[in-house]
Amino acid sequence: HAAEAQRTDLMTITRHALNEQGRHPESRGDFTILLSHIVLGCKFVASAVNKAGLAKLIGLAGETNIQGEEQKKLDVLSNEVFVKALVSSGRTCVLVSEENEEAIFVDAQLRGKYCVCFDPLDGSSNIDCGVSIGTIFGIYMIKDKDNATLEDVLQPGTNMIAAGYCMYGSSCTLVLSTGNGVNGFTLDPSLGEFILTHPNIKIPNKGKIYSVNEGNARNWDVPTAKFVEKCKFPQDGSSPKSLRYIGSMVADVHRTLLYGGIFLYPADKKSPNGKLRVLYEVFPMSFLMEQAGGQSFTGKQRALELAPTEIHQRSPIFLGSYDDVEEIKSLYASES
Ligand code: AFP
């Protein structure tokens, strides 16, 4: 249709959230407001990341230190923007950030019903070479606003009501689930709006890609080693899988979600719990994978059923296409 060449009916992320709200007649728009504050944080980081290279070369306002310190600053800056945006939304109660050792309890007069666990700038070791990085977030409902405790953020991932990530890559994409499938929105820089570009994302049942830091191979356990061996030397007549590993979880998971395959950060002898953090890496990504028709497994159980006891706890993780995760599950099952 020639008439479709220029789209005029734009589904912004706010419009989408308002539509979703229609499914919950009791809702008063609190989630939409919370989301708009998260989106503000993402737009800020997107713009700051774009300028990061320039800041280093020519020094942007106030940034006189050219010893590579703006990299650290970008983490810290992004965190401050997110914390302030979340608190000022008036819709949050407990916040957990990768950047803060302790959980943040919002002052009583600004308290709302949501708890947000987030990593404001994940994969930050990739900033200096311009590789994709991202923000990850998971959202819970508070049990009792007047008695907020750490228990409110130490819930199993199955209690999450929404999760998402924003990838700062060749384009800026925000992927979100509120428990009703997964949708992807791309930032139109000329409008400053996230527009629905990837409606109802479903991960292929089986993929041709595996994604892992193979430099850790000598410390892997037997099921992980067997699995990767099978990716390279399949015994069932199928073609070997391709290896893709960026080292930036958002980018590796985003590719896995769109193209299919498996992403793994397993346990190894040196790191018995792997590297990735349960609250703001493992849970949100597992929630999105399941909502897209894939699976997520820790080596012992369904990842979302983990019951965390510490806010910065780590867990091994295998997530992606349903059939590919099924294979690693059966390798662990035959091991025990
Ligand atoms: P950085 O923030 O230090 O770059 O770590 C990124 C990360 O937490 C995650 O985004 C990657 O998936 C993972 O670490 C990569 O870890 P390895 O460098 O050990 O492969």
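Parameters and conventions
Residues numbered from 1 in each chain as written. Predicted model: local features only at pLDDT ≥ 70, side-chain atom pairs only at ≥ 80, totals over all residues. Heavy atoms only, no water. Helix = DSSP H or I, 4+ residues; strand = E, 2+ residues; numbered from the N terminus. Rg over C-alpha atoms; globule rule 2.2 N^0.38 Å. Buried < 20%, exposed > 50% of the residue type's maximum accessible area, 1.4 Å probe, protein only. Contact = heavy atoms within 4.5 Å. Areas by Shrake-Rupley, 256 points an atom, 1.4 Å probe, with all protein chains shown as cover. Core = buried A, V, L, I, M, F, W, Y, C linked by side-chain atoms within 4.5 Å. Near = heavy atom within 4 Å. Polar contact = N/O pair within 3.5 Å; in protein donor to acceptor, adjacent residues only side chain to side chain. Nonpolar A, V, L, I, M, F, W, Y, C, P; charged D, E, K, R; others polar. Arc of directions from axis to C-beta. Phe/Tyr/Trp six-rings, centres within 6.5 Å; stacked < 30°, edge-to-face > 60°. Pairing = 2+ DSSP bridges. Axes fitted to C-alpha atoms, helices over the stretch in contact; angles between N-to-C directions.

A. Region of the structure containing the overall build of the chain. Along the chain, the regular secondary structure elements total seven helices and 13 strands. On C-alpha atoms alone, the chain measures out to a radius of gyration of 20 Å, which is about the 20 Å that the 2.2 N^0.38 rule sets for 336 residues. Going through the 336 residues of the chain one by one, you find that 51% of them count as buried. Put simply, 64% of the contacts in the chain that link residues at least 6 apart link residues at least 24 apart. Total accessible area computed for the chain in this model is approximately 15900 Å², and 51% of it derives from carbon and sulfur atoms.

B. The arrangement of the nonpolar core in detail. Ranked by size, the top nonpolar core spans 44 residues in total, and within it Phe283 and Met285 carry the most contacts. Of all the elements in the fold, those that place two or more residues in this core are strand S1 (92–97), strand S3 (114–122), strand S4 (133–141), strand S5 (162–168), helix H5 (249–259), strand S11 (262–265), helix H6 (278–291) and strand S13 (317–320). In terms of residue count, the dominant contributor to this core is H6 (nine residues). Not counting chain neighbours up to four residues away, the residues in contact with Met285 comprise Ile136, Tyr165, Met249, Val250, Val253 and Leu319.

C. Focus on the site of the ligand. In the vicinity of the ligand lie 14 residues, with Asp122, Ser125, Asn213, Tyr245 and Tyr265 positioned nearest. Measuring from an oxygen atom of the ligand, one finds a side-chain N or O atom of Asn213 at 2.7 Å. Within the side chain of Lys275, an N or O atom sits 2.8 Å from an oxygen atom of the ligand. Relative to its unbound accessible area of 490 Å², the ligand is 77% covered by the protein chains. A class-by-class count of the residues in the shell around the ligand yields five nonpolar, six polar and three charged.

D. Expanded view of helix H1 (residues 13–21). Listed as buried for H1 are Ile13, His16, Ala17, Glu20 and Gln21. Buried residues of H1, viewed axially, fall in a sector of 145°; they line one side.

E. Looking closely at the side chain of Arg255. When you line up the elements, Arg255 lands in helix H5. For Arg255, a relative accessible area of 13% gives the class buried. One polar contact links Arg255 to Ser211, side chain to side chain, over a distance of 3.0 Å. With residues up to four places along the chain from it excluded, the contact list for Arg255 reads Ile209, Ser211, Arg244, Ile246 and Gly260.

F. Focus on the packing of aromatic side chains. All told, the structure shown has five aromatic pairs when counted by the stated rule. Between Phe31 and Tyr114, the ring centres sit 6.0 Å apart and the planes meet at 75°, which makes this aromatic pair edge-to-face. On the criterion of sequence distance, the pair formed by Phe31 in helix H2 (residues 30–58) and Tyr114 in strand S3 is long-range, its members being 83 residues apart. With a centroid separation of 6.3 Å and an interplanar angle of 40°, the aromatic rings of Phe297 and Phe318 are classed as tilted. Of the two residues, Phe297 is situated in strand S12 (residues 295–297) and Phe318 in strand S13; the sequence distance between them amounts to 21 residues. A single burial state applies to Phe297 and to Phe318, both of which are buried. By way of ring pairs, the aromatic residues Phe297, Phe318 and Tyr332 are connected into one cluster.

G. Structural context of unusual backbone geometry. Of note in this structure, Asn200 is not a glycine but carries a positive phi near 45°. Within the element layout of this structure, Asn200 appears in the loop between strand S8 (193–198) and strand S9 (209–211). Among the residues examined, Asn200 registers a relative accessible area of 47% and is labelled partly exposed.

H. Just the sheet that holds strand S7 (residues 183–188), in detail. Spatial ordering of the open sheet is given by S2-S1-S3-S4-S5-S6-S7-S8, a layout of eight strands whose pairing is mixed. Edge positions in the sheet fall to strand S2 (104–105) and S8, since each of these pairs with one other strand and no more. Where strand S6 (residues 172–177) and S7 come together, four bridges link them in antiparallel fashion. Paired with Thr173 across the two strands is Thr186, which belongs to S7. Its contacts with the sheet put H5 on S3, S4, S5, S6 and S8, and the angle it makes with S5 is roughly 105°.

I. Structural detail: the sheet that holds strand S10 (residues 242–243). Strand order in the open sheet made by the five strands is S10-S9-S11-S13-S12, with mixed pairing throughout. Strands with a single pairing partner mark the edges of an open sheet, and in this sheet they are S10 and S12. In terms of strand pairing, S12 meets S13 through three bridges, oriented antiparallel. Residue pairing across strands places Phe297 opposite Phe318, the latter belonging to S13. On the sheet, H6 packs against S12 and S13 and is oriented at approximately 30° with respect to S13.

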